[in-house]
Amino acid sequence: MGIRTEIRDEIRKETVTKIHGQPTSQNLTNLEKEIIAILANIPTTLGGGNHGHVGIIIDQTDYLTLSGGIAFNTPVNPGSYPAGLALNAAAGTRARAEAEHKELINQYETFEGVRLGTKDIILEAVDHEYLSEIEHDTLGFLNQTPRQMLEHLLTRGGALDFADTKDLLAERDGEWNVAENPQLYLILLKKQLKASHEMELILI
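Below you will find a few notes about this structure. (Residues numbered from 1 in each chain as written. Predicted model: local features only at pLDDT ≥ 70, side-chain atom pairs only at ≥ 80, totals over all residues. Heavy atoms only, no water.)

A look at the layout of surface pockets
Right, on to step 1. Within this model, the second largest pocket holds a volume of roughly 230 Å³.
Right, on to step 2. Around the second largest pocket sit 15 residues that line it, and Ile56, Thr74, Phe111, Arg115 and Thr145 are the ones nearest its centre.
Right, on to step 3. Sorting the residues of the lining of the second largest pocket by element identifies α4 (91-125) and α5 (146-157) as the ones contributing at least two each.
Right, on to step 4. It is α4 that contributes the most residues to the lining of the second largest pocket, four residues altogether. (1 Å grid on protein atoms, 1.4 Å probe; cavity = no way out; pocket = protein on both sides within 12 Å on 5 of 7 lines; lining within 4 Å. Points joined across faces, edges and corners; volume = space filled by probe spheres on them. Helix = DSSP H or I, 4+ residues; strand = E, 2+ residues; numbered from the N terminus.)

Considering the packing of aromatic side chains
Right, on to step 1. A complete count under the given rule lists two aromatic pairs for this structure.
Right, on to step 2. With a centroid separation of 5.6 Å and 70° between ring planes, the pair formed by Tyr63 and Phe72 is classed as edge-to-face.
Right, on to step 3. Residue classification places Tyr63 among the buried residues on the basis of a relative accessible area of 0%.
Right, on to step 4. Taking relative accessible area as the criterion, Phe72 reaches 5% and is therefore assigned buried.
Right, on to step 5. Between Phe72 and Phe111, the aromatic rings sit 6.3 Å apart at their centres with planes inclined by 35°, giving tilted as the arrangement. Placement of the pair is Phe72 in the loop between α3 (60-67) and α4 and Phe111 in helix α4, with a sequence separation of 39 residues.
Right, on to step 6. Pairwise contacts between aromatic rings join Tyr63, Phe72 and Phe111 into one cluster. (Phe/Tyr/Trp six-rings, centres within 6.5 Å; stacked < 30°, edge-to-face > 60°. Buried < 20%, exposed > 50% of the residue type's maximum accessible area, 1.4 Å probe, protein only.)

Structure (structure tokens):
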């Protein structure tokens, strides 16, 4: 097995809370938090290197806030040979270029394994019918990113009911867990406050 398959298989062993029926905003916020906790522990130099692969699932504007302005850029396939390396390059130059190219391949394959594994987690957590609208007849979810899948679920039916609103307000008013990253906590709290405010307006 290659790096991609190994990483994907490891991520698929992780468990998140199963969502039964139509996902609500609260369900999806919790799912995102659980995925973030998983991806934060998979190291990479992407996006500044301080937050693992969180950039795969979190909104990019929020990631810039989290990272202090460093973007989490999707790596591209570096190809099978170092780009721009002359055939007659000196042995030292060739060795250095090949080592750097190997690191780029590892980074790319790790990213792809994490991305695929994250999509597997989402597909396992949510009933298929709520994602079937973006599933291609031939490609399945190949062209969908994990973030796009979450955004679809939010647009598709991420509504709040009264019980969800009570849970959100309780979490908002509860004590902050000091083990959480402060910036990440504030980003997710902001989303919850927005969702609870929208529901309060509906209930008025």
